[in-house]
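# A closer look at the structure
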Amino acid sequence: MLVFAREKLVFLSVPKTGTTAWQAALEPLATMMVRDPPELKHAPVFRYNRFFRPMLEKFVGEGLTVLAVMREPVDWLGSWYRYRQRDFLVGRPTSTQGISFDDFVQAYAKGNPPAFANVGSQAKFLEPQRNGTAATHLFRYEDQAGLRRFLEERLGAVIETDRRNASPAMALELSAGTAEKLRRKCAGEFELYDSIGENGAYTPPPPLS
């Protein structure tokens, strides 16, 4: 998570959306950057609302812009799958070696997925809170040019990024049945992604009661 006090901007770090590269590029411009632990580096909206928002509104001011990036749901799962193929995870419950991508997605779509497919939810990460706290700008991962324009205009600086923490490339395919099951079981992920407009515009869904 990155905070820019003067610009009243907060950049939340959704896992597997390229935010490591953005953090490296934006660190010199940031007032505060949360690196560790992962639970704080990747603080979702509910954790930001509970722990960070009160402090920032007290010392920075209200009306903070909250920025985040969302990846197309199948592509996001593919990034997790590829990341968990890495050798350092071999023998651990989270490893996906020896498991097909189709089986990984089938497991993810279960109500209680096994460890190797327990990677969370982008929709849950970005879920608005009952007090109205929500991401105010949401960019598609694929719209790197739009995100760059927004940040450069807001921060008044030219920003250069390098690819960081990229998962190994590999061809991934889903059967028609698995793709349909994912869209049915995880409809909220696709609905949120489809709701994102140009220049980070989107209307947050109403918070759950």
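Attention in this report is confined to the structure presented alongside it. Bear in mind that the values here come from a model prediction, so they are computed numbers and not experimental data.

A few words on the overall build of the protein chain. Counting its secondary structure elements, the protein chain contains nine helices and five strands. In sequence order, the protein chain lays out its α and β elements as β-β-α-β-α-α-β-α-α-α-β-α-α-α. Its C-alpha radius of gyration of 17 Å places the protein chain within 12% of the 17 Å reference for a compact globule of 209 residues. Taking the principal axes of the C-alpha coordinates as reference, the protein chain spans close to 50 × 40 × 30 Å. When the 209 residues of the protein chain are sorted by exposure, 44% land in the buried category. In the protein chain, of all internal contacts separated by at least 6 residues, the share reaching a separation of at least 24 is 72%.

For soluble globular proteins, nonpolar side chains are generally found buried alongside one another. Ranked by internal contacts, the top residues of the largest apolar core, which has 23 residues, are M1, L12, Y48, L126 and L138. Elements with a minimum of two residues in this core: α3 (45-59), β4 (65-70) and α9 (187-194). No other element matches the four residues that α3 contributes to this core. Setting aside its immediate chain neighbours within four residues, L138 contacts A68, V69, M70, L126, L192, I196, G200, A201 and Y202.

The next point concerns the side chain of S13. Residue placement: S13 occurs in the loop between β2 (9-11) and α1 (19-26). Within the structure, S13 has its side chain in polar contact with the side chain of T19 (distance 2.7 Å). Ignoring any residue separated from it by four or fewer positions in sequence, one finds S13 in contact with M1, T19, Q23, K41, H42 and F125.

Below, the discussion takes up the sheet that holds strand β1 (residues 2-4). Pairing within the open sheet is mixed, and its five strands lie in the order β3-β1-β2-β4-β5. A single partner strand is all that each edge strand has here, and the edge strands are β3 (32-33) and β5 (137-140). With respect to the sheet, α1 is in contact with β1, β2 and β3, its orientation differing from that of β1 by roughly 40°.

This part takes up α9. Those residues of α9 that sit buried are E189, F190, L192 and Y193. The buried side chains of α9 occupy one side of the element, clustering within an arc of 160° when seen end-on. Turned more than 90 degrees away from the buried face of α9 sit E191 and D194, all of them exposed. Contact partners of the buried residues in α9: β4, α4 (73-83), α5 (101-108), α6 (122-125), β5 and α8 (176-185).

Another aspect to go through is the environment of A135. Counting through the fold element by element, A135 comes out in the loop between α6 and β5. Look at A135 and you get buried, because its relative accessible area is 1%. Counting along the chain gives 51 residues from A135 to C186, while the straight-line C-alpha distance between them is 20 Å. In contact with A135, not counting residues within four places along its chain, are V45, V66, L126, Y202 and P204.

Judged by how many residues are buried, β4 sits mostly within the fold: six of six residues are covered. Of the two faces of β4, the one lined by T65, L67 and V69 and the one lined by V66, A68 and M70 are each fully buried. When β2 meets β4, the two strands line up parallel, connected through three bridges. By the bridge assignment for β4, L9 is matched with T65. Where β4 lies against β5, four bridges are found, and the strand directions are parallel. The residue of β5 that forms the bridge with A68 is L138.

On to the environment of R71, then. The residue R71 is located in the loop between β4 and α4 in this model. Among the residues examined, R71 registers a relative accessible area of 7% and is labelled buried. Setting aside chain neighbours within four positions, we find R71 in contact with K16, T17, W76, S79, R82, Q122, Y141, E142 and Y193. Reaching out from R71, the side chain makes a polar contact with the side chain of D75 at a distance of 2.7 Å. In this structure the side chain of R71 is engaged in a polar contact, spanning 3.5 Å, whose partner is the side chain of S79.

The rules behind these values
Residues numbered from 1 in each chain as written. Predicted model: local features only at pLDDT ≥ 70, side-chain atom pairs only at ≥ 80, totals over all residues. Heavy atoms only, no water. Helix = DSSP H or I, 4+ residues; strand = E, 2+ residues; numbered from the N terminus. Rg over C-alpha atoms; globule rule 2.2 N^0.38 Å. Buried < 20%, exposed > 50% of the residue type's maximum accessible area, 1.4 Å probe, protein only. Contact = heavy atoms within 4.5 Å. Core = buried A, V, L, I, M, F, W, Y, C linked by side-chain atoms within 4.5 Å. Polar contact = N/O pair within 3.5 Å; in protein donor to acceptor, adjacent residues only side chain to side chain. Pairing = 2+ DSSP bridges. Axes fitted to C-alpha atoms, helices over the stretch in contact; angles between N-to-C directions. Arc of directions from axis to C-beta.

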